[in-house]
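Letter by letter, the chains look like this.
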Amino acid sequence: MTEADQHAGHSDQKRASRWPYIIPLVVILALGGVFGKRLIDIKSGTDVKVIPTVLLDTPVPELNLPPLPGRGEALTTADLKGEVTLVNIWGSWCVGCIVEHPVLNSIAKEGIVPIHGIAWRDDPQDSLDWLARNGDPYAKVGQDPRSEAAIAFGVTAAPETFIVDANGVIRFKQTGAITPEIWRNTMKPLIEELKK
Amino acid sequence: MRHALALIAALMCAAPALAVEPSEMLNDPALEARAREISQHIRCVQCQNETIDESNAQIARDMRVLIRQRLLHGDTNEEIIDYMVSRYGDYVLLMPRFQANTLLLWFGPLIVLLLGAVIVAGRMRASSTRAGPAPLTDEERAEIERSLSGDSSK
Amino acid sequence: MFIELGHFALALAMAVAFVQSTVPLIGAAKNNAAWMAVSRPAAVAQFALVLFAFASLVHSFVVSDFSVVGVYQNSHTQQPLIYKISGVWGNHEGSLVLWVSILGLFGTGVAVFGRNLPPALRARTLSVQGMISFGFIAFILFTSNPFLRLSPVPAEGAGLNPILQDPGMAIHPPMLYTGYVGFSMAFSFAIAALIEGRVDAAWARWVRPWTLLAWMFLTFGIGLGSWWAYYTLGWGGWWFWDPVENASFIPWLTGTALLHSAIVVEKREALKSWTILLAIVTFSLSLLGTFLVRSGVLTSVHAFASDPTRGVFILGLLAVAIGGAFTLYAIRAPHLDGGGVFAPISREGGLLINNLLLTTASATVLLGTLYPLITEVLTGERISVGPPYFNGVFFPLMIPLVALMGVGPLLAWKRGDLMGALSRLKIAFGAVLLAIAVTLLLSGVSLSHIGGAAGIGMAIWLGTSALLEWTERVKPRRAGAWTRTKNLPRSAHGLTLAHFGVAVLIAGITVDTVWKDERIQAMSAGDTVEMAGYTFTFEGVETVPGPNYDAERATILLSKNGRDIAVMTPERRSYVHSPQTTTFTNIYTTYYSDIQLALGERQPDGRYVTRFYYQPFVPLLWYGILLMVLGGVVSLTDRRHRIGAPRRAQNMGAAMPAPAE
């Protein structure tokens, strides 16, 4: 192409719109921002695999779970009304539950809130043996052999714990084991707040 | 500890999925077909990249059973799916519903296509104003051919 | 010792890459021939060093040197040799060394075969290639180093994930990476052209063979991955719109557009900024895919173990590479001269619409893949986008594309005659109607069968029109057909093969999706099940030991109409070093359909769960993909693509573009 042709093309292009050429850059910058924010979230400890609960501020599901043999009465929805309670979903097969259990034991000793347990997909004798071995912080324990209660609570894995207020409304969900820090900094203040 | 748990969960999910067990299946083929269809639209909350129809996670299995129970109970497909969404949120749906936060998702492809078409059309119009000389008419073409064939010099 | 040398070689390679990135670029700006000439030896030296590093890694795997971290994590003394080797790239760190090796290989290819390239273009191209290598070698050395040693040395390794111990999975990454990474060449050429400020037919002629090569390998790699998923996972699926699958498909779509767009630049010097954009976008999407899979921002069963620190590094790399490229594009592309004018209805017009549709398809899959992430980051809400979405939006886009693929090759350049082209395809129209009618007649009318008939119609349309176009050129019934066939440019044969391959692929996808069937049941010895005219007789299960696993193997007799056809042996394996069991299905194929048998768990009552899948026309998926790759191979051998380039360019002097053919 001759110089003249190139110049001719040049001046025509100046008249042609330039805005479409910027689109790819804008898109990539926007995406970069999203990814950057995401990485920051991950680095700050947010576990991206955890599904946030949609059950906050909704009433607790209807429950009528049979007790473990020889251990008190059934766990029903009525037990979760009238006072602030904790509901802990666990199983003797669950590794995280062993890690969490000492914390639950000490919460039970503090005595400020009753802990009810749901034995999820567990053999009743295994559950009893496990409690005998590791300590029994629960006021009542209901059996959930077919995950009906777990699914109703939107549980994805054990252990998970819910704070339920005196009206039977779910106010907090802890996915994964409760650590002393989480208890001290988040859960206990909330419970005390709810008890007022 | 958390990493070990995550690893075990990942290994369980990574194992090839052989999911629906004969013992779960309903006797009524129409209901069973509905159960399979619903299951294929629900994401496994543990494995997160499989449907509960495919996943062999325990909770997926229980959900499949729950779905079949509800079908026997007479619930419609919509009601069952709504129940799952009420417990787990939109995350559990594989086909995103048509709602405010998915408008861009559903209209996005169309927007991209239209935007592209608009840009392309605009540039075609711009370039056609730069069009070169008009194409040869038949007379001009014939005249050239005559002079080329009659004239042996270049 | 070898490993330390390899590690050192990689560090040296990084230094050489730095030289390769800077010296030739400055040389091109200052028109300094000596500095520009540095590009070729630098590229070759860098590749040699990286290759040495890679070889040292392979060596340590082969000899099971568990003092090397990567070997410990991915190998085992009892692992078969092929999987010891494939273990090199079966993990994040090692796969990156493979990545960088292929990057260097392509750079060396241009350095060695590009003797006839204009020196400034070559210098700039290799310089950009060097920059990419520098970034990735730095990434390896600083965040993902496979050369680190363990102390004390473990006696035995952790072993490769059993799912990956499979021949298909072994070569899947090298094939895929050659594709992914191969597009870096088009990227580098595009950046060089933008810096130079000129895109012309000669540029397109240089870019096309490299793009074709990358495209072929990517097509093959994706097909391989799909095929592996199909025969390993045990329930007849072959595509799940999983984020990692999408990460390879998204660049494939734009890469295909690039391939076609470059033709227009070469033939008519039109669609220049489109082609440059596609070259940049395709490799950027490859890089994006790399980021998604390795940074942990997306969860997927496929993904490598994730680490946000690495994510930050790659994000930085991406920001520089892609951000820089798009900035350059925004500034320089508007100044590229226009090029050939064409009517909307013409070959160029058709290819332009082709670009548009493929790019939209790519953007659609990208949108669906990233949407959950974007929503969660912006609003905190968790939604998910699964196969129903992708299937719902992708296939409608394919319909106009396939229609266009049939008629496009028959349109003339510059100004095409649409009605004339369509009338030449009368036979194709007839064939489509016939196919739809026959399908609905034979299978009955229902919503899914109408969809199936539509898919078959599309396949017949594309296949028939591809053949019609070919016969138009070759005129088989007139004398001299063989001569015409031989004289036809190879790329024309390549077109026919590849497009016909797509038709075969569509047929396979349609028939399998609509007409597949399955039977799931618990069986004990003597039980039988019927499906698709076959009878399955369960005979029993036995335990069979393997090199690094124990297997439960079932024996199932397959018969049809009372005649025994095959003895099938699906099995489940427990590996020595892993808690999971892996299923190995057994497939009986008639080469146009498959029966897949899988063994499930043993029930408490002693019976075994069995799953039988009838997959009609699935083999056509693989044939279609192979045909596409074959089309690419044939096109690549076109003498116009001979990498020793057009002789006229040589005679006229390096700076002048060759006249378009």
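As the structure is a prediction and not an experimental result, all values here were calculated from the model.

Peer 1: Would you mind going over the overall build of chain A with me for this structure?
Peer 2: What chain A contains, in helices and strands, is six helices and seven strands. In chain A, the succession of α and β elements from N to C terminus is α-α-β-β-β-α-β-α-β-α-β-β-α. Counting all 196 residues of chain A, 37% fall into the buried class. Pairs at least 24 apart in sequence give 74% of the contacts found in chain A among residues at least 6 apart.

Peer 1: Where do I start with the packing of helix 1 (residues 2-30) of chain C against helix 3 (residues 39-62) of chain C in this structure?
Peer 2: Two quantities define a packed helix pair, namely the angle between the axes and the distance from one axis to the other. All names here are of chain C. Two elements in contact, helix 1 and helix 3, have axes separated by 8 Å at closest approach and are oriented at 160 degrees. Overall, the two elements helix 1 and helix 3 adopt an arrangement that is roughly antiparallel. In terms of crossing hand, the pair formed by helix 1 and helix 3 is left-handed. Of the residues that constitute the contact of helix 1 with helix 3, the class distribution is 19 nonpolar, eight polar and no charged.

Peer 1: Even after reading the chapter, I still don't get the nonpolar core, so can you show me in this structure?
Peer 2: Inside soluble globular proteins, nonpolar side chains tend to come together where they are buried. Core analysis: the largest hydrophobic core is formed by 201 residues, its most contacted members being A186 and I280 of chain C. The residues touching I280 of chain C, leaving out its near neighbours within four places in the chain, are F187, A190, A325, F326 and Y329 of chain C. V84, A157 and I163 of chain A together with A60 of chain B belong to the second largest nonpolar core, which has 56 residues in total.

Peer 1: Help me understand the domain arrangement of chain A, please; the structure alone is not making it clear to me.
Peer 2: Many descriptions give the size of an interface as the accessible area lost when the pieces come together. Looking at chain A, the domain boundaries give domain 1 (3-43) and domain 2 (64-195). Taking only C-alpha atoms, the centre of domain 1 of chain A and the centre of domain 2 of chain A are 54 Å apart.

Peer 1: Can you help me understand the environment of G606 of chain C in this one?
Peer 2: All names here are of chain C. Tracing the backbone through its elements, the reader meets G606 in the loop between strand 9 (593-602) and strand 10 (608-616). Residue G606 is classed as exposed on the basis of its C-beta count, with 10 C-beta atoms lying within 10 Å. A sequence separation of 83 residues divides G606 from M523, and the C-alpha atoms of the two residues are 8.9 Å apart.

Peer 1: What exactly am I supposed to notice about the pairing of strand 5 (residues 138-144) of chain A here?
Peer 2: Residues in a regular strand point their side chains to alternate faces of the sheet. Residues and elements named next belong to chain A. Burial analysis of strand 5 places six of its seven residues in the buried class, which makes it a mostly covered element. As defined by bridge partners, strand 4 (residues 115-120) adjoins strand 5 across five bridges and the pair is classed as parallel. Residue pairing in the sheet places G117 in a bridge with V141 of strand 5. With respect to chirality, the unit in which strand 4 leads through helix 4 (residues 124-134) into the neighbouring parallel strand 5 is right-handed.

Peer 1: Where do I start with helix 3 (residues 58-73) of chain B in this structure?
Peer 2: Given 3.6 residues per turn, any residue in an α-helix points the same way as the ones three and four places further on. With 16 residues, helix 3 of chain B extends 23 Å between its outermost C-alpha atoms, agreeing within 8% with the 22 Å of an ideal straight helix rising 1.5 Å per residue. Here helix 3 of chain B has its buried residues at I59, A60, R61, D62, M63, R64, I67, R68 and L71 of chain B. Buried residues in helix 3 of chain B make contact with helix 5 (148-152) of chain A together with helix 2 (29-39) and helix 4 (77-88) of chain B. Just beyond helix 3 of chain B, the residue with positive phi is G74 of chain B, at close to 105 degrees.

Peer 1: I would appreciate a short explanation of the confidence of the model for chain A in the present structure.
Peer 2: Atom-level detail of predicted coordinates should not be read off regions where pLDDT is low. All names here are of chain A. Predicted confidence across chain A gives a mean pLDDT of 85, with 87% of residues reaching 70 or more. Taken element by element, chain A is modelled with least confidence in helix 1 (residues 3-15), mean pLDDT 46, and with most confidence in strand 3 (residues 85-90), mean pLDDT 94. For the stretch residues 1-15, pLDDT sits under 50, and the model shows 10 contacts to residues farther than four places along the chain or on other chains.

Peer 1: Got a minute to help me understand the sheet that holds strand 1 (residues 517-523) of chain C in this structure?
Peer 2: Within a sheet, adjacent strands bond to each other through the backbone by hydrogen bonds, running parallel or antiparallel. Residues and elements named next belong to chain C. The antiparallel open sheet is built from four strands, whose spatial order is 1-10-9-8. If you trace the sheet from one side to the other, it starts and ends with strand 1 and strand 8 (586-589), each paired once. Each strand of the sheet is rotated relative to its neighbour by a mean of 15 degrees, with strand direction disregarded. Where strand 9 and strand 10 come together, eight bridges link them in antiparallel fashion. The residue of strand 10 that forms the bridge with R602 is Y608.

Peer 1: Help me out: how do you make sense of the sheet that holds strand 4 of chain A in this one?
Peer 2: Residue and element names in this part refer to chain A. Read from one edge of the open sheet, five strands run 5-4-3-6-7, paired in mixed fashion. The open sheet has two edge strands, strand 5 and strand 7 (170-175), and neither has a second partner. The average angle at which neighbouring strand axes cross in this sheet is 20 degrees, direction not considered. Two strands pair when backbone bridges link them, and strand 3 and strand 4 are joined in this way by five bridges, in the parallel orientation. Its bridge partner lying in strand 4, N88 is registered against G117. The sheet contacts of helix 6 (residues 180-195) involve strand 6 (160-164) and strand 7, and relative to strand 7 the element is tilted by about 165 degrees.

Cut-offs applied
Residues numbered from 1 in each chain as written. Chains lettered and ligands numbered in written order. Predicted model: local features only at pLDDT ≥ 70, side-chain atom pairs only at ≥ 80, totals over all residues. Helix = DSSP H or I, 4+ residues; strand = E, 2+ residues; numbered from the N terminus. Buried ≥ 20, exposed ≤ 12 C-beta atoms within 10 Å, placed from the backbone. Contact = placed C-beta atoms within 7 Å. Axes fitted to C-alpha atoms, helices over the stretch in contact; angles between N-to-C directions. Parallel < 35°, antiparallel > 145°, perpendicular 65-115°, else oblique. Left-handed = near helix turned anticlockwise from the far one by under 90°. Nonpolar A, V, L, I, M, F, W, Y, C, P; charged D, E, K, R; others polar. Core = buried A, V, L, I, M, F, W, Y, C linked by C-beta atoms within 7 Å. Domains from an automatic or database assignment. Pairing = 2+ DSSP bridges. Right-handed = clockwise from strand over helix to strand, strands pointing away. Expected span 1.5 Å × (residues − 1). pLDDT = per-residue confidence, 0-100.

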